[in-house]
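Fold and geometry: a report
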Amino acid sequence: MKKRNMKVLALLMTVTMAGTMLAGCGDSGSTSTGSSGGTTASSSGTADASSDATAASSSTADASSEDTTGSDDVVGELPRNETLYFAGQQWGTVNDYNPMSANSNNAMVIAQGDASRVLVYETLYMWNPLDAKMYPLLADGDPVWNDNRTEITVKIKADAKWNDGTPVTAKDVAATYHAHVDYNSSTGAEMKSYIADVVAQDDSTVVFKLTTDDSGEAVNPVLAERYLPMLYIMQENYLKTVADRNNNDAEAIKMDKMDDLVTSGPYKKYFDNDQNVVLIRDDNYWGQADSMWGKLPVPKYISHPIFKDNAAATTAFQNGDVDVAQIFITDLQKLWLEQDLPISTYVDEAPYQLCMTMPTLFFNTEVEGLDQVAVRKAIAMAVDYDQVISSAMSGQSPTFADVPRSVMNPTDGEQAMVDQDALKEYQWSNADVEGAKKLLDDAGIVDTDGDGIREYNGKNLSYKAECPTGWSDWNATLEIVAAAGKNIGINIETYFPEAANYNTDYSTGNFEITMQSGPGTSVANPYMRCRFFMSSDYNDLEVNFSGNFGHYQNDRVDEILAAIPHETDDAKLKDYYTELSKIMLEDCPCVPLMYRPQVFHEVNESVWTNYPQKDDGTNVPPMDCTDGYGVAALYNLELIDG
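Source: prediction; values computed, not measured. Each chain carries its own residue numbering, running from 1 in the written order of its sequence. With the structure being a predicted model, the display of local features is reserved for residues of pLDDT at least 70 and the display and counting of side-chain atom pairs for 80 or more, all residues being used for whole-chain, interface and lining totals. The side-chain numbers reported here are obtained from all heavy atoms of the structure, hydrogens and water having been left aside.

What to know about the overall build of the protein
- A run of DSSP states H or I qualifies as a helix once it reaches four residues; a run of E qualifies as a strand once it reaches two. Both are numbered from the N-terminal end. When its secondary structure is counted, the protein shows 19 helices and 24 strands.
- Whether a residue is buried, partly exposed or exposed follows from its accessible area with a 1.4 Å probe, protein chains only, as a fraction of its type maximum: under 20%, in between, or over 50%, in that order. Within the protein, the fraction of its 642 residues that count as buried is 59%.
- Long-range contacts, defined as pairs at least 24 residues apart, comprise 70% of the intrachain contacts of the protein with a sequence gap of at least 6. Two residues qualify as a contact provided that any one of their heavy atoms is within 4.5 Å of a heavy atom in the partner residue.

Structure, rendered in structure tokens:
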């Protein structure tokens, strides 16, 4: 078992060596030349870590110009003992700092999701997947629902300030909503379906008025609440400035770079180019008030060198030039077990990470043969999931024996919302080839011409299973699925197109079997994941990036999905989610293949330590020290030699 107190000597030796190497680097800064990134680590496979790293090392010179706008020389002066280096999030040059933009490509600043990144912009609440709770950030206390669940009232912290020193108010929250809706950003276009208006009652009280149907009932309270830990709050006065300089033209406003941004977070823009993105701590940050963190985050600088690919980022991470990595690394445990590197993960033993997403096989139910439950379920039963987890995921996932499949991810909070005992009779054992063969035989789907392939309606069962080329862990997974098909007389060939072609195929229904990864953890899950798996709401979309890509149709599923957002009784919700799980296991419109982290969270403790670990008593999730309540990690970090 890997424990920090067993590594102290190794860490100190590593720091000494790192200090020598950094001193030799002078003011080099990042040497990366990549202006466009590789595939994102959250969906891409393992990269060959033998590639040359683009080092993120810097000198320990005094950053006397730390409050300036920044320059190439300034970046080279970042003191290592004040800088936290990242990898695996930013690929390519930053486009803008605009939360309304369709393509900011600004991962460290603009990452607005179920657990938004809150280094620069801030949200009302922060999501914590460990206990499935929202923690107030700009908000003061919990959100308050009215009796019929059509309004949410939120108070704003009196201490909350913008980085220009002015207070954050309810008017800023309302202005943020109206900017997104009025300028028709992608966020606004979706948000207005669930939130009809946001009104500032006074400077500290804001009311979210939910969209209602003809009966006066909120359309979807769950999806409305999702925006509380998701939506970046922008300053009303700054939004007026942006509107004025763009003559109130919505398209121009959405394309404004906003590089003079006014924000409320602990860090602010310092420098960015095609080699590096650097944030600097705002030492006047309001969050050091007793009503929030009570102190500043420890690192003065956040730096994300722009690596050419995962391999370069992995090498830099292994060398100690990167502190926090969001990268899938095959057999990462070998980094400490065999190479004795000071590298840690959230969990000391397999699966090492906190797994919150479920890469899933989708069957096109409009394709002949795959429209038959027996065929879909037989393929599902025959897959060797243990091999998927041990080989493709190199053990970085619980097995389905550890956490039986359902619509839930393996976190404690979600597992408590389903009755696994009631699902036991619907589960199948790993690689149950004989059971799958019997299922097909009983359905009359047999090989009549002796070529080894079963037929349905006189045609061989032969299908393509696809995911993007280069996503090596996914590619390996589909090869295992293909082998399962062969074992039961179904011909499955793998097809690995470029990502753009794959995206077109699954979003337009132009596939037979495909692999996709859906929603992880949020205030709206597992509900959103159930929609992703089986909701027919997406079946009439000409282009569908949202879910149920195989056009599965089940009226009972739709009834349950319509009821869940309005149900507040935990026991009834558990019944609903258990029934949805049963339907998924019986009909197999889709099949979860593994569990996977929402973000990979690996840390190199050559310079910094005291990162979140399981059972450390902090309740801080492994969200790269940046996302949702995971940002709390920045306030706990310590220098190895400090």
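Details of unusual backbone geometry
- Between alanine 350 and the following residue, proline 351, the backbone shows a cis peptide bond with an omega angle of 15°.
- Structurally, proline 351 is set in the loop between β12 (343-345) and β13 (355-357).
- Of note, the amide linkage connecting asparagine 525 to proline 526 takes the cis form, showing an omega dihedral of 15°.
- With respect to the helices and strands, proline 526 occurs in the loop between β19 (513-517) and α17 (527-534).
- With phi around 50°, cysteine 588 is a residue other than glycine that occupies positive phi space.
- Along the chain, cysteine 588 falls in the loop between α19 (570-587) and β20 (590-592).

Focus: the pattern of salt bridges
- A pair is scored as a salt bridge if a Lys or Arg side-chain nitrogen falls within 4 Å of a carboxyl oxygen belonging to Asp or Glu. Per the stated rule, a full pass over the model turns up 22 salt bridges.
- The salt bridge involving aspartate 331 is made with lysine 334; its shortest N-O contact spans 3.6 Å.
- Overall, aspartate 331 belongs to the partly exposed group, its relative accessible area being 24%.
- Between glutamate 434 and lysine 437 there is a salt bridge; the shortest N-O distance is 3.9 Å. Taken together, the residues span about one helical turn, with glutamate 434 and lysine 437 both in helix α14 (residues 433-442) at a distance of three residues.

Focus: the sheet that holds β19
- Strands sit in the order β18-β17-β19-β14-β20 across an open sheet of five strands; the sheet is mixed. Across the chains shown, the open sheet's two edge strands, defined by having one partner strand only, are β18 (491-495) and β20. The average undirected angle you get between the axes of adjacent strands in this sheet is 25°.
- Set on the sheet, helix α16 (residues 499-508) makes contact with β17 (462-466), β18 and β19; between it and β19 the angle comes to about 100°. Here, any two strands with at least 2 DSSP bridges between them count as paired. Axis definition: a line fitted to C-alpha atoms, limited for helices to the stretch in contact. Angles are taken between N-to-C directions and run from 0 to 180 degrees.

Brief notes about the layout of surface pockets
- Its boundaries defined by the atoms lining it, the second largest pocket holds a volume of some 760 Å³.
- Think of a 1 Å grid over the protein atoms and nothing else: a 1.4 Å probe that fits but is trapped marks a cavity, an open set flanked by protein within 12 Å on at least five of seven lines marks a pocket, and residues with an atom within 4 Å of a point count as lining. What lines the second largest pocket is a set of 31 residues, among which Glu225, Met417, Val523, Asn525 and Leu573 lie closest to the centre.
- Counting only elements with at least two residues in the lining of the second largest pocket, the list comes to β3 (133-136), α5 (221-225), α12 (412-415) and α19.
- No other element matches α19, which puts four residues into the lining of the second largest pocket.
- Broken down by class, the residue content of the lining of the second largest pocket amounts to 17 nonpolar, six polar and eight charged. Grid points are joined across faces, edges and corners, and a volume is the space filled by probe spheres set on the points. Residue polarity follows a fixed list, in which Ala, Val, Leu, Ile, Met, Phe, Trp, Tyr, Cys and Pro are nonpolar, Asp, Glu, Lys and Arg are charged, and the others, Gly among them, are polar.

Quick word on the environment of tryptophan 474
- Structurally, tryptophan 474 is set in helix α15 (residues 472-487).
- Here the alpha-carbon distance between tryptophan 474 and methionine 393, two residues 81 residues apart in the chain, equals 8.8 Å.

Comments concerning the packing of aromatic side chains
- Each Phe, Tyr or Trp ring (for Trp, its six-membered ring) is paired with any other whose centre lies within 6.5 Å, and the angle between the two planes then decides the class: stacked below 30 degrees, edge-to-face above 60, tilted in between. Tallied over the full model, the rule gives 19 aromatic pairs.
- Residues tyrosine 506 and phenylalanine 549 carry aromatic rings whose centres are separated by 4.9 Å and whose planes lie at 75° to one another, so their mutual orientation is edge-to-face. Linking tyrosine 506 in helix α16 with phenylalanine 549 in the loop between α17 and α18 (555-563), this pair joins segments that are 43 residues apart in sequence. Judged on exposure class, the residue tyrosine 506 and its partner phenylalanine 549 are both buried.
- Taken together through their ring pairs, the aromatic side chains of Phe362, Trp471, Trp474, Tyr502, Tyr506, Phe532, Phe533, Phe545 and Phe549 make up a single cluster.
- Any Lys NZ or Arg CZ found within 6 Å of a ring centre and within 35 degrees of that ring's normal is scored as a charge over the ring. Arginine 405 extends its terminal NZ or CZ atom over the ring of tyrosine 385, reaching a point 4.4 Å from the ring centre.
- One Lys or Arg, lysine 464, reaches over the ring of tyrosine 495 and ends 4.2 Å from the middle of that ring.

Some words on a negative patch on the surface
- Surface patches are drawn from residues lacking salt bridges whose relative accessible area is over 30%; two like charges belong together within 9 Å, two nonpolar side chains (Val, Leu, Ile, Met, Phe, Trp, Tyr) within 5 Å. Here the accessible surface of atoms and residues is derived via Shrake-Rupley with a 1.4 Å probe, and residues count as covered only by protein chains that are part of the display. For the purpose of charge, His is not counted, nor are the chain termini; Lys and Arg are scored as positive and Asp and Glu as negative. Lysine's charge is taken at NZ, arginine's at CZ, aspartate's at CG and glutamate's at CD. A contiguous patch of negative charge on the surface is contributed by Asp419, Asp569, Asp570 and Asp575.
- One can find aspartate 570 in helix α19.
- According to the relative accessible area criterion, aspartate 570 is exposed, its value standing at 62%.

Here we look at the packing of helix α10 (residues 373-382) against α19
- Look at α10 against α19: their axes get within 8 Å of each other, and the N-to-C directions meet at 95°. In terms of orientation, α10 lies roughly perpendicular with respect to α19. For the pair α10 and α19, the contacting residues are Val373, Arg376 and Lys377 in the first and Leu585, Glu586 and Asp587 in the second.
- Of the residues in the contact of α10 with α19, the class split is two nonpolar, no polar and four charged. Note that the term roughly parallel is reserved for angles under 35 degrees, roughly antiparallel for angles over 145, roughly perpendicular for angles of 65 to 115, and oblique for everything else.

A word on the nonpolar core
- Only buried residues count toward a nonpolar core, which is a set of Ala, Val, Leu, Ile, Met, Phe, Trp, Tyr and Cys residues joined through side-chain atoms within 4.5 Å. Ranked by size, the top nonpolar core spans 171 residues in total, and within it Leu124, Phe208, Trp293 and Leu580 carry the most contacts.
- Apart from the residues within four sequence positions on either side, leucine 124 is in contact with Tyr135, Pro136, Leu137, Leu138, Ala139, Val154, Ile156, Val173, Phe208, Leu228, Leu231 and Ile233.

With respect to the pairing of β18
- Summarising the sheet, β17 and β18 pair through five bridges and their orientation is parallel. Note that in β18 the partner of glutamate 466 across the bridge is tyrosine 495.
- Orient the strands so they point away from the viewer, and a crossover whose first-strand-to-second-strand path over the helix runs clockwise is right-handed. Since β17 and β18 lie parallel, the crossover through α15 that links them has a hand, and here it is right-handed.

Observations concerning the pairing of strand β1 (residues 83-87)
- With five of its five residues buried, β1 lies for the most part within the structure.
- Alternating residues of β1 divide into Thr83, Tyr85 and Ala87 and Leu84 and Phe86, and every residue in both groups is buried.
- Of the strand pairs in this sheet, β1 and strand β10 (residues 301-305) are connected by three bridges, and their pairing is parallel. Counterpart to leucine 84 in the pairing with β10 is isoleucine 302.

Digging into the environment of lysine 269
- Checked against the element boundaries, lysine 269 lands in strand β8 (residues 267-272).
- In this structure, the C-alpha to C-alpha distance between lysine 269 and leucine 279, residues ten residues apart in sequence, is 4.9 Å.

Things to note about the sheet that holds strand β4 (residues 144-145)
- Taken in spatial order, the four strands make up an open sheet running β4-β5-β7-β6, and their pairing is antiparallel. Whereas interior strands pair on both sides, the edge strands pair on one side only; in this sheet they are β4 and β6 (195-202).
- Docked against the sheet, helix α3 (residues 170-182) engages β6 and β7 (205-210), running at close to 160° with respect to β6.

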